[in-house]
Amino acid sequence: MSEQSNEAAPTPDPYDNRRQVLYWRLLARLFDPEEQASLESASLAVVEDIGLPAALLDPGASVDSVVQRHPELAGEFDGLMAPGPNQDGVRDRAAEVRRAALASKVLLNVFASGSGTVTAEQLARWQSDAGWLERALGCRPGDLRGGRAGGAGVSPTGRGGAGVSPTGTGVGGPTPDLSRLIPEIGPELGSIEAGLVKRMHLREVLADPALASRLTPSMSLIEQLLRDKDNLSGVALANAKALIRRYVDEVAQVLRTQVEKSTVGDIDRSVPPKRVFRNLDIDRTIWKNLTNWDPQEERLYVDRLYYRHTSRKTTPQRLIVVVDQSGSMVDSMVNCTILASIFAGLPKVDVHLIAYDTQALDLTPWSHDPFETLLRTKLGGGTDGTVAMALAQPKIAEPRNTVVVWISDFYEWRTEELFDSMAAIHRSGAKFIPVGSVTSAGRGSVNPWFREKFKDLGTPVISGHIKKLVHELKTFLT
């Protein structure tokens, strides 16, 4: 007889089995809306055993409704899938099962968007659930869909054991750390939202004030409104304008904060300080008059008062923004018209705004009001940057004090002619900033020929992310 081994087979980990059940159910529901009875019953047993509500398994229940009934769960969703410090390598297996149940809920609600016509209520619910996913990733609601968070935008939450190593992910492993995938998740969320908006009967929704009030402004919705605005009238048009203005105001508030952080110039000491009390430099006045101190009377006699300089150097600058308004440029059109209006409000900054497709439109008279500017745009059509260049070049009166921002995917008809004129602007001494396009889903696309040409010229195409453009403009204009 052969010698029998006394080693017993490894005992299955019950916590791993529970996680596997929850994640297999998640995958099954994502790829097939029909429920699998065995996975559903097993998942229900797991959820009830760990003290979580059965509503987490109800695809028709939003995260909001679950949290309203069980407010103690709200804090658990925050940072649920963000990286956290590893506590001496010790895994809390029971906590991992609990997080797996919560993560499955928010992922299923967001990525199983269904099919068919979408109502305003369904869109609002999805937007709310997407906000919970963004919170679970350590971001603020709306940041990923708005392109305002990059890979570094996730703030650690200090939730021990929430993160995993690259080799530790997968079905049955610890709660996935999806924060590394934020650059990919953001565009996907935007794409899903855009699809939901397209599946709505938007004109009928806008015609009903009660339904329209349920809509939450987003880039996908604004894009659709701008495309369809010429077909709207009466109540529908008024509701569409209200949504556009709400979104413009929200984005403007964020961008204005970024711009105003460092828009003041250096102290201009060539301008005499104003001799008013609020500018009085008490410390300097005392120091300069110390020789007049009378020790017997213990009194300081002041011969001269000193005042602080408050005047700033603000050289008049001209900002010329040229925006491609073809179909792929909606995000850039919205963000840059708002940005132009903010810079138009700064002292001694002369802003000019030009939009183009196969024809160019000078929007400078409305550059201070992005809402009015957007209503005058017409998205779509071909692209011919030479017609915009014909409007932009005469505006460059003093090249050294001029910055030209050109936002486009640079898929042009007359490529060499347009690039030669752009190179001429750069050689004249004006600052030329080419900015790549960004679609409503957040994916950039730039003509490789132009990208290499700009790189050789010394003016590389910057990312379409609005924060980088804000930084470039502040550096030149302040």
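The coordinates are above.
Throughout what follows, the structure given in this document is the object of discussion. What you see is a predicted model; the values in this text were computed from it and never measured.

**Comments concerning the overall build of the chain**
Here comes step 1: The helix and strand inventory of the chain stands at 18 helices and 9 strands.
Here comes step 2: Split into buried and exposed, the 478 residues of the chain put 46% on the buried side.
Here comes step 3: For the chain, restricting intrachain contacts to residue pairs at least 6 apart in sequence, the fraction spanning at least 24 positions comes to 76%.
Here comes step 4: When the accessible surface of the chain is totalled, it reaches about 24,100 Å², and 51% of it is carbon and sulfur.

**Points about the environment of Asp228**
Here comes step 1: With respect to the element layout, Asp228 can be found in helix α10 (residues 219-228).
Here comes step 2: By relative accessible area, Asp228 is classed as buried at 12%.

**What to know about a positive patch on the surface**
Here comes step 1: Among the surface-exposed residues, Arg275, Arg284, Lys288 and Arg304 lie close enough to one another that they form a single positively charged patch.
Here comes step 2: In this structure Arg284 comes out as partly exposed when scored by relative accessible area, which is 37%.

**Observations concerning α10**
Here comes step 1: The buried count for α10 comes to 8 of 10 residues, which makes it a mostly enclosed element.
Here comes step 2: Restricting attention to buried positions, one finds in α10 the residues Met219, Ser220, Leu221, Ile222, Glu223, Leu225, Leu226 and Asp228.

**Description of the sheet that holds strand β5 (residues 360-362)**
Here comes step 1: With mixed pairing, the 5 strands of this open sheet are ordered in space as β5-β4-β3-β6-β7. In the strand order of this sheet, the two ends are held by β5 and β7 (431-435), each with one partner. In this sheet, adjacent strand axes meet at a mean angle of 20° when their direction is disregarded.
Here comes step 2: As paired strands, strand β6 (residues 402-407) and β7 are joined by 5 bridges and run parallel to one another. Following the sheet pairing, Val403 is matched in β7 by Lys431.
Here comes step 3: With respect to the sheet, helix α15 (residues 385-392) is in contact with β3 (317-324), β4 (349-356), β5 and β6, its orientation differing from that of β4 by roughly 155°.

**Side note on the packing of helix α1 (residues 14-31) against helix α2 (residues 37-49)**
Here comes step 1: Orientation of α1 relative to α2, taken along the N-to-C sense of each, is 135°, at an axis distance of 9 Å. As summarised for this structure, α1 and α2 are arranged oblique, according to the angle between their axes. Crossing hand, α1 versus α2: left-handed. Between α1 and α2, the contacting residues are Arg18, Val21, Leu22, Trp24, Arg25, Ala28 and Arg29 on the first element and Leu39, Glu40, Ala42, Ser43, Val46, Val47 and Asp49 on the second.
Here comes step 2: Class assignment of the residues belonging to the contact of α1 with α2 gives a composition of 8 nonpolar, 1 polar and 5 charged.

**Notes on the nonpolar core**
Here comes step 1: Counting residues in each nonpolar core, the largest one holds 91 residues, and the members touching the most others are Phe77 and Leu215.
Here comes step 2: Among the elements that line this core, the one with the most residues is helix α5 (residues 93-111), at 9 residues.
Here comes step 3: Beyond its immediate sequence surroundings of up to four residues, Leu215 is in contact with Ala120, Leu123, Met200, Leu202, Val205, Leu206, Leu221, Leu243 and Arg246.
Here comes step 4: Ile396, Val404, Ile425 and Leu457 belong to the second-largest nonpolar core, a separate cluster that totals 23 residues.

**Side note on unusual backbone geometry**
Here comes step 1: Despite not being glycine, Glu298 has its phi angle at roughly 50°, a positive value.
Here comes step 2: Considering the arrangement of structural elements, one finds Glu298 in the loop between β1 (293-294) and β2 (299-300).
Here comes step 3: For Glu298, a relative accessible area of 62% translates into the label exposed.
Here comes step 4: Despite not being glycine, Phe410 has its phi angle at roughly 60°, a positive value.
Here comes step 5: With respect to the secondary-structure elements, Phe410 resides in the loop between β6 and α16 (415-427).

Parameters and conventions
- Residues numbered from 1 in each chain as written.
- Predicted model: local features only at pLDDT ≥ 70, side-chain atom pairs only at ≥ 80, totals over all residues.
- Heavy atoms only, no water.
- Helix = DSSP H or I, 4+ residues; strand = E, 2+ residues; numbered from the N terminus.
- Buried < 20%, exposed > 50% of the residue type's maximum accessible area, 1.4 Å probe, protein only.
- Contact = heavy atoms within 4.5 Å.
- Areas by Shrake-Rupley, 256 points an atom, 1.4 Å probe, with all protein chains shown as cover.
- Patch = residues over 30% accessible without salt bridge, like charges linked within 9 Å, V, L, I, M, F, W, Y side chains within 5 Å.
- Salt bridge = Lys/Arg side-chain N within 4 Å of Asp/Glu carboxyl O.
- Lys, Arg positive; Asp, Glu negative; His and termini not counted.
- Charge placed at Lys NZ, Arg CZ, Asp CG, Glu CD.
- Pairing = 2+ DSSP bridges.
- Axes fitted to C-alpha atoms, helices over the stretch in contact; angles between N-to-C directions.
- Parallel < 35°, antiparallel > 145°, perpendicular 65-115°, else oblique.
- Left-handed = near helix turned anticlockwise from the far one by under 90°.
- Nonpolar A, V, L, I, M, F, W, Y, C, P; charged D, E, K, R; others polar.
- Core = buried A, V, L, I, M, F, W, Y, C linked by side-chain atoms within 4.5 Å.

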